[in-house]
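Coordinates in review
Letter by letter, the chains look like this.
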Amino acid sequence: MKKINIAIDGPAAAGKSTIAKKVAAALDMVYVDTGAMYRAITLAYLKSDDKDFERLLQDIDIRLVADNGQRVLLSGEDITERIRENDITENVSYVASQGAVRSFLVELQQQMTRDKGVVMDGRDIGTTVIPDAELKIYMVASVEERANRRQLDNEARGIESTVEQLKEDIAHRDHLDMTREISPLTQAGDAIEIDTTGRSIEDVTAIILKLASDKLE
Ligand SMILES: Nc1ncnc2c1ncn2[C@@H]1O[C@H](COP(=O)(O)OP(=O)(O)OP(=O)(O)O)[C@@H](O)[C@H]1O
Ligand SMILES: Nc1ccn([C@@H]2O[C@H](COP(=O)(O)O)[C@@H](O)[C@H]2O)c(=O)n1
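Now for a look at the structure at hand. (Residues numbered from 1 in each chain as written. Chains lettered and ligands numbered in written order. Predicted model: local features only at pLDDT ≥ 70, side-chain atom pairs only at ≥ 80, totals over all residues. Heavy atoms only, no water.)

Pairing is antiparallel across the open sheet formed by 3 strands, whose spatial order is β3-β4-β5. Single-partner strands in this sheet number two, and they are β3 (62-66) and β5 (77-78). In terms of strand pairing, β3 meets strand β4 (residues 70-74) through 5 bridges, oriented antiparallel. Each residue of the ladder has a partner; that of Ile62, found in β4, is Leu74. Where helix α2 (residues 34-47) meets the sheet, its contacts fall on β3, β4 and β5, and the angle it forms with β4 comes to roughly 25°. (Pairing = 2+ DSSP bridges. Helix = DSSP H or I, 4+ residues; strand = E, 2+ residues; numbered from the N terminus. Contact = heavy atoms within 4.5 Å. Axes fitted to C-alpha atoms, helices over the stretch in contact; angles between N-to-C directions.)

So, about the site of ligand 1. For ligand 1, the set of nearby residues contains 19 residues, the closest of which are Lys16, Ser17, Thr18, Asp153 and Arg199. In this structure, Ala14 approaches ligand 1 through a main-chain N or O atom, which is 3.0 Å from an oxygen atom. Taking Arg149, its side chain carries an N or O atom lying 3.4 Å from a nitrogen atom of ligand 1. Residue assignment for the shell around ligand 1 shows that the elements contributing at least two residues are α1 (16-27), α7 (143-157) and α9 (201-216). In terms of residue count, the dominant contributor to the shell around ligand 1 is α1 (4 residues). Here the shell around ligand 1 is built from residues that sort into 7 nonpolar, 5 polar and 7 charged. (Near = heavy atom within 4 Å. Polar contact = N/O pair within 3.5 Å; in protein donor to acceptor, adjacent residues only side chain to side chain. Nonpolar A, V, L, I, M, F, W, Y, C, P; charged D, E, K, R; others polar.)

As a further point, take the site of ligand 2. Taken together, 16 residues sit near ligand 2, with Arg39, Arg102, Asp124, Arg173 and Asp177 positioned nearest. Taking Arg39, its side chain carries an N or O atom lying 2.7 Å from an oxygen atom of ligand 2. For ligand 2, the accessible surface in isolation is 460 Å², of which the surrounding protein chains cover 97%. Every element with two or more residues in the shell around ligand 2 is listed here: α2, α4 (86-96) and α8 (163-179). (Areas by Shrake-Rupley, 256 points an atom, 1.4 Å probe, with all protein chains shown as cover.)

The backbone of Ala13 sits at a positive phi, close to 60°, despite the residue not being glycine. Looking at where Ala13 falls in the secondary structure, it is placed in the loop between β1 (6-9) and α1. One non-glycine residue with positive phi stands out, namely Ser183, at about 40°. As for its position among the elements, Ser183 is in the loop between α8 and β8 (192-195).

Encoded structure:
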């Protein structure tokens, strides 16, 4: 059977990971959430006394384990839940703006996609990591809807937040991600935009599965 890569990019809380996971499961593809990799390096950075990124990366050991989604291990420790906490979210865009961090992770991500069969979500997947992906999606939603969704996520995880604060935080993080010097978040010329505002997870998944089936023919 023909193998393809699918790149899903877009701003924070647009629904990328939720949909990427479902599309990967339906098509028996590998799901990779690259935001979790930047979050893992952010945790290592916050824990380290040495703030030199080049040195920090020499000792970094990130593993992604498929488990009804994706679990993240940092030096063997499961940090899947820990990296969703506020201190990581507040610092991740700074860490992700560092050239050394981006080169390190882009190289790892490109290795993962070399044999195809991957659904990868992030900010620079269609533009930088897999510019030759067979299907590229740029997923957006209104900031109000994204803040409401993230509030529900946080309540389920026991993370304290308010919708108003989340709206500000999401807009600020999008601004940092869209204006950084290296690989800023932007829609690839050949990406298909999907606005998930007011749409169900099932609808969005079905749209992408239809687009993918055309590429798999
Ligand atoms: N139509 C929809 N499409 C996708 N997600 C939706 C939709 N409706 C509600 N959600 C919910 O939105 C929340 C945020 O989704 P998700 O974490 O997948 O976003 P994301 O774009 O990967 O965010 P981030 O980039 O910050 O990791 C999830 O709780 C998801 O269930
Ligand atoms: N390809 C990517 C993926 C993520 N980032 C940065 O990581 C942050 C966290 O991502 P989430 O998807 O978990 O929200 C994000 O805000 C970016 O700063 C990136 O640069 N490139």
